[in-house]
Amino acid sequence: MSNTQPLLQVRNLRVEFPTRRGVLTALDDVSFDIHPGEVLGVVGESGAGKSMTGAAIIGLLEPPGRIAGGTITLGGRRIDNLPYKEMRTIRGRQIGAIFQDPLTTLNPLYTVGRQLVETMTTHLPLTPAEARKKAIEWLELVGIPAASQRIDSYPHEFSGGMRQRVVIALALCAEPKLIVADEPTTALDVSIQAQVIALLKRLAREKGTAMMLVTHDMGVIAETADRVAVMYAGRIAEIGGVRDVVKNPSHPYTIGLMGSIPPITHRMERLLQIEGAMPRLSAIPKGCAYNPRCPRVFDRCRVERPDLIPAGATRAACWLYDRADKEAAHEVAQTGYGEVRHA
Amino acid sequence: MRDAAALGATPMLETQDVARYFDVSRPLLQRLIAREPKRLLRAVDGVSFAIPKGTTLSLVGESGCGKSTVARLVVGLYPPSRGSVIFDGQDLAQARADASQRRRMQMIFQDPYASLNPRWRVRDIIAEPIRAFGLVKDKAAVEARVGQLLTQVGLSPLDGQKFPHEFSGGQRQRISIARALSSNPEFLVCDEPTSALDVSVQAQILNLMKDLQKQLGLTYLFISHNLAVVRQISDRVGVMYLGRLVELAPAETLFRTPRMPYTRALMEAIPDLEMTGRQRIPVGGEVPSPINPPSGCPFHPRCPLANERCRAERPALIPARGTPEALVACHAVEEGRDGGPQVEPAAVGAVQGV
């Protein structure tokens, strides 16, 4: 993207859940960077580990989940091994979080003004009076009408879309460098969704805030993100610029995922579909996790796990793009084995 | 006014000015003390449409527009407060009283986790309607029928022994479909059947539903908030806003030349996967409360074309000027203030080709 130092560096992140039946690996060898001012979209289907990645970064993994390996570095400082108290000062001040359901994010017993003021006085050198003034500015900025009156309202007095605007103000008001937004628009209606996306995009650009946008909605990613990471079964399957991943994906899973999105532009006799379902964490297949569903699978995929390698304009974890396997893959394509199901 | 689709052959289902109100007043005593009037929530307020046999009508709209209430009215889970529902030429209340008619309609629900009994084996879940309607008598025949249904929806007959928790969301929705099909219905009401599913699984279920419609000649009432999904499955589409139909048109007409400003706004709001760099203009404001709907046209507070007449007078659903196959409830369209039918760039792909 740019030559500047990345703001967030995630390296070989591994998250495990010890259970009675053994340790489950929820995230395995996840690595990516986010540069200042950049929006990284993280997509995948439920259970792919996208929300888990966000939770690991903000230090809110639900126990018994734990970071079992790898590092997370924010602005040159390692944050994955910080004690709870220190992490609290980073959350809010350095990393803001936006979650799917605005009603559970806001405290129902406090007015939104009090919640904004509290966040700002905790993290910024402001007096309560100054913070209140700023809180009104923030509410105006996120598009809440009559902000100076609405500041003393309780969360239940706002509609869903307005509440999510308050949550955005709350996440941004301590001026963090990074926002982790986990399905910020999923609970909203389409017409409100568009408003909220436009707002997030504008604010991130104006304030130079970097964002990790976790969602299952490829449309939201295409509109908002600069780069995209596609996750499958706890690993990154493909990562690259948003245009390349959306229009010209390399990994067979991304191709299938993009193909199964119903188009608004025309009616299709049949939608492209990926057979089967994503494996459970307890039964991730050997080799490439996608191999049982992959139309272009060959022997190596069933044995050896691929890492991210250059593939076209993006990077994909797929043996099809390994030089040594190019020929084998070509043969597979020639024999038409399962080919063109993904067109 | 009756839907034009109701003319000609008897439609599978027809609603005539059907409405459903809910009483959301405070308790009587509190109301008397505060001298408040009764408060009515008009969830559905006068909706007329018809579904010809073997076709799919979809209802789209945002949450609170009344689309799920229509689904429940149509299968008789709610009695209408006004108007009538006619199932294959017979009043719904009569049809519901007759088991041989009742088995002809079934419903598929949104949440495949909540709509299957977790304590029953899948084969019992699917066999329940068969037994309830006494369609097949002996045990072996029931078992064979269950196996056949499971195969039909893409599962294995052996899956009948398992419990719902052993299946993924998509597989559970297949079980719901098998259960709905078990009474040999002709009419299925599908209330957001793919909204809880991931996209790749959604594609599987939509393909399955299309296949089944072709094989069995089913008629669908399909409820969804997702316009792209609706485009894939519908013959005709109705757009709902605050309990009323604001546009009802053949799918191709609706997506190519949406007329009602609200329909246009909905299409504009869809994120652009083609990445044409098209600037979207999100519609302002939010859906008003159905307890206190705006006067006149319910969309006027958000509508860029609203004028005095829109604020005062409620528009009727009438054939649109320029595209008479579409019924539109909009004064601006009727008066030609909308500039006539315009091809919607978002819905036809401003730049062709992927």
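Residue indices follow the written sequence of each chain, beginning from 1 at its first position. Here the convention is simple: chains get letters from A, ligands get numbers from 1, in the order in which they are written. The model is predicted, so local features are restricted to residues of pLDDT at least 70 and side-chain atom pairs to those at 80 or more, both for listing and for counting; the totals for chains, interfaces and linings are taken over all residues. As a convention, hydrogens and water are excluded, and side-chain values are obtained from all of the structure's heavy atoms.

Peer 1: Can you help me understand the overall build of chain B in this one?
Peer 2: Each helix is a run of DSSP H or I of at least 4 residues and each strand a run of E of at least 2, with the numbering of both proceeding from the N terminus. A count of helical and extended segments in chain B gives 14 helices and 12 strands. Scaling as 2.2 N^0.38, a compact globule of 354 residues should have a C-alpha radius of gyration of about 20 Å, and chain B matches this with 22 Å. Judged by the C-alpha coordinates and their principal axes, chain B covers about 70 × 65 × 40 Å. Residue burial is assigned from relative accessible area. The probe radius is 1.4 Å, only protein chains are included, and a residue is buried under 20% of its type maximum, exposed over 50%, and partly exposed in between. A buried classification covers 55% of the 354 residues belonging to chain B. Of the contacts formed within chain B by residues at least 6 apart in sequence, a portion of 67% connects residues at least 24 apart. Within these notes, the globule rule equals 2.2 Å times the number of residues to the 0.38 power, and the radius of gyration is based on C-alpha atoms. Here, residues are in contact when the closest pair of their heavy atoms is within 4.5 Å.

Peer 1: Would you mind showing me how to read the overall build of chain A here?
Peer 2: Helix and strand counts for chain A stand at 13 helices and 12 strands. A compact globule built from 343 residues should have a C-alpha radius of gyration of about 20 Å, and chain A, at 21 Å, falls within 12% of that. Counting only C-alpha atoms, chain A reaches 70 × 50 × 45 Å along its principal axes. Here the analysis covers contacts within chain A between residues at least 6 apart in sequence; of these, 64% occur between residues at least 24 apart. Computed by Shrake-Rupley with a 1.4 Å probe, the accessible areas treat only the displayed protein chains as cover when residues are assessed. Accessible area of chain A: about 15,200 Å², with a carbon and sulfur share of 51%. When charges are counted, neither His nor the chain ends are considered; positive counts come from Lys and Arg and negative counts from Asp and Glu. Think of each charge as sitting on NZ of Lys, CZ of Arg, CG of Asp or CD of Glu. Computed over 41 positive and 36 negative side-chain charges, the separation of the two mean positions in chain A equals 3 Å.

Peer 1: When you look at the packing of aromatic side chains in this model, what are you seeing that I'm missing?
Peer 2: A ring pair, where both rings are aromatic, is described by two values, the distance of the centres and the angle of the planes. Residues and elements named next belong to chain B. Within 6.5 Å between ring centres, the rings of Phe, Tyr and Trp (the latter by its six-membered ring) count as paired, and their orientation is classed by plane angle as stacked under 30 degrees, edge-to-face over 60, tilted in between. Counting across every chain of the model gives eight aromatic pairs over all chains. Where Phe 22 meets Tyr 78, the ring centres are 5.3 Å apart and the plane angle is 75°; that geometry is what we call edge-to-face. Note that Phe 22 is positioned in strand β1 (residues 13–23) and Tyr 78 in the loop between α2 (67–74) and β4 (82–87), a separation of 56 residues in sequence. Overall, the relative accessible area of 23% leaves Phe 22 in the partly exposed class. What makes Tyr 78 partly exposed here is its relative accessible area of 25%.

Peer 1: What exactly am I supposed to notice about the environment of Arg 14 of chain A here?
Peer 2: Residue and element names in this part refer to chain A. Note on placement: Arg 14 falls in strand β1 (residues 8–19). In this structure Arg 14 comes out as partly exposed when scored by relative accessible area, which is 28%. Ignoring any residue separated from it by four or fewer positions in sequence, one finds Arg 14 in contact with Thr 25, Leu 27, Asp 28, Arg 66, Ile 67, Ala 68 and Gly 69. For the purposes of these results, a polar contact is taken to be a pair of N or O atoms within 3.5 Å, where, inside protein, one atom must be able to donate a hydrogen and its partner to accept one; residues adjacent in sequence count only when each atom of the pair is a side-chain atom. One polar contact links Arg 14 to Glu 16, side chain to side chain, over a distance of 3.0 Å.

Peer 1: Which parts of the structure should I look at to understand the sheet that holds strand β2 (residues 22–34) of chain A?
Peer 2: Think of a sheet as strands paired side by side through backbone hydrogen bonds, with each pair either parallel or antiparallel. Residues and elements named next belong to chain A. The four strands are arranged β2-β1-β4-β5 in an open sheet whose pairing can be described as antiparallel. Only two strands of the sheet have a single partner each, and these edge strands are β2 and β5 (77–78). Strand direction decides the pairing type here: β1 and β2, joined by nine bridges, are antiparallel. Looking at β2, one finds that Leu 13 is bridged to Val 30. Being paired, for any two strands, means DSSP has found at least two bridges between them.

Peer 1: What is the right way to look at the domain arrangement of chain B in this model?
Peer 2: Often the size quoted for an interface is simply the accessible area lost on bringing the parts together. Residues and elements named next belong to chain B. Note that domain bounds follow an automatic or database assignment of domains. The assigned domain composition of chain B is domain 1 (1–104 + 185–234), domain 2 (114–184) and domain 3 (253–354). Domain 1 puts 12 residues into the contact, and the matching count from domain 3 is 13 residues. Taken together, both faces of the contact between domain 1 and domain 3 bury some 1,300 Å²; the carbon and sulfur share is 66%. We define a salt bridge as a side-chain nitrogen of Lys or Arg found within 4 Å of a carboxyl oxygen belonging to Asp or Glu. At the boundary of domain 1 and domain 3, one finds two salt bridges. For the side of domain 1 that touches domain 3, the secondary-structure elements that each account for two or more residues are β2 (40–51) and α9 (227–233). Broken down by element, the side of domain 1 that touches domain 3 gets its largest block of residues, four residues, from β2. The residue classification treats Ala, Val, Leu, Ile, Met, Phe, Trp, Tyr, Cys and Pro as nonpolar and Asp, Glu, Lys and Arg as charged. All others, Gly included, are polar. Of the residues in the side of domain 1 that touches domain 3, the class split is six nonpolar, no polar and six charged. By buried area we mean the combined loss of accessible area, with a 1.4 Å probe, across both parts when two parts are placed together.

Peer 1: How do you make sense of the layout of surface pockets when you look at a structure like this?
Peer 2: Where empty space is left becomes clear once a probe the size of a water molecule has been rolled over the atoms. Residues and elements named next belong to chain A. Grid points spaced at 1 Å over the protein atoms alone were grouped into cavities, where a 1.4 Å probe fits but cannot get out, and pockets, open sets with protein on both sides within 12 Å along at least five of seven lines, with lining residues defined by an atom within 4 Å of a point. Grid points are joined across faces, edges and corners, and a volume is the space filled by probe spheres set on the points. Here the second largest pocket defines a volume of roughly 850 Å³. The wall of the second largest pocket is formed by 21 residues, among which Arg 88, Arg 91, Gly 92, Thr 119 and His 123 lie closest to the centre. Among the elements of the structure, α2 (84–93), β6 (95–98), α4 (112–123) and α7 (160–172) are those that each provide at least two residues to the lining of the second largest pocket. Grouping the amino acids of the lining of the second largest pocket by side-chain chemistry returns nine nonpolar, nine polar and three charged.

Peer 1: What am I meant to see in empty space enclosed by the protein here?
Peer 2: Residues and elements named next belong to chain A. Counted under the stated rule, the structure contains five cavities of 30 Å³ or more. Of the pockets and cavities examined, the largest cavity occupies roughly 110 Å³. Lining the largest cavity, in full, are Tyr 232, Arg 235, Ile 236, Ala 237, His 251, Gly 287, Cys 288, Ala 289, Tyr 290, Arg 305, Pro 306 and Ala 317. No other element matches strand β10 (residues 235–241), which puts three residues into the lining of the largest cavity. Class assignment of the residues belonging to the lining of the largest cavity gives a composition of eight nonpolar, two polar and two charged. As a volume, the second largest cavity reaches approximately 90 Å³. Lining the second largest cavity are 14 residues, with Pro 252, Cys 288, Cys 294, Cys 301 and Cys 318 positioned closest to its centre. Tallied by class, residues from the lining of the second largest cavity come to 11 nonpolar, two polar and one charged.

Peer 1: Could you clarify how one ought to interpret the nonpolar core in this entry?
Peer 2: Note that soluble globular proteins tend to have their nonpolar side chains buried in a common cluster. Residue and element names in this part refer to chain A. Grouping buried Ala, Val, Leu, Ile, Met, Phe, Trp, Tyr and Cys residues that are joined through side-chain atoms within 4.5 Å yields what is termed a nonpolar core. Leu 8, Phe 32, Ile 57, Ile 95, Ile 168 and Leu 178 are the most contacted members of the largest nonpolar core, which has 107 residues in total. Here the element with the most residues in this core is α7; it accounts for eight residues. Not counting chain neighbours up to four residues away, the residues in contact with Ile 57 comprise Leu 8, Val 10, Phe 32, Ile 72, Ile 79, Met 87, Ile 95, Leu 178, Val 180 and Met 212.

Peer 1: Would you mind going over a positive patch on the surface with me for this structure?
Peer 2: The grouping of Arg 121, Arg 123, Arg 131 and Lys 139 of chain B at the surface amounts to a positive patch. Residue placement: Arg 123 of chain B occurs in helix α5 (residues 122–132). Patches draw on residues past 30% relative accessible area with no salt bridge. Two like charges within 9 Å are joined, as are two nonpolar side chains (Val, Leu, Ile, Met, Phe, Trp, Tyr) within 5 Å.

Peer 1: Help me out: how do you make sense of the sheet that holds β2 of chain B in this one?
Peer 2: Residues and elements named next belong to chain B. With antiparallel pairing, the four strands of this open sheet are ordered in space as β2-β1-β4-β5. In this open sheet, the two edge strands, each paired with only one partner strand, are β2 and β5 (90–91). Pairing between β1 and β4: five bridges, direction antiparallel. Within β4, the residue paired with Glu 14 across the bridge is Ile 86.

Peer 1: Is there a simple way to think about the interface of chain B and chain A in this case?
Peer 2: Contact residues are listed per partner, giving 49 residues for chain B and 43 residues for chain A. Note on chain B versus chain A: buried area summed over both sides is about 3,900 Å², and carbon and sulfur give 51% of it. Inspection of the region where chain B meets chain A yields two salt bridges. Across the pair Arg 270 of chain A and Asp 211 of chain B runs a salt bridge whose closest N-O atoms are separated by 2.8 Å. Those elements giving two or more residues to the side of chain B that touches chain A turn out to be α8 (199–216), α9, α10 (251–256) and α14 (345–348) of chain B.

Peer 1: Help me out: how do you make sense of unusual backbone geometry in this one?
Peer 2: Looking along the chain, the bond that leaves Pro 63 of chain A and enters Pro 64 of chain A is cis, with omega of 5°. Mapped onto the fold, Pro 64 of chain A is located in the loop between α1 (50–57) and β4 (66–74). Backbone geometry places Ala 146 of chain A, a non-glycine residue, at a positive phi of 50°. What makes Ala 146 of chain A partly exposed here is its relative accessible area of 42%. The phi dihedral of Asp 88 of chain B is positive, around 50°, even though this residue is not glycine. On the secondary structure map, Asp 88 of chain B appears in the loop between β4 and β5.

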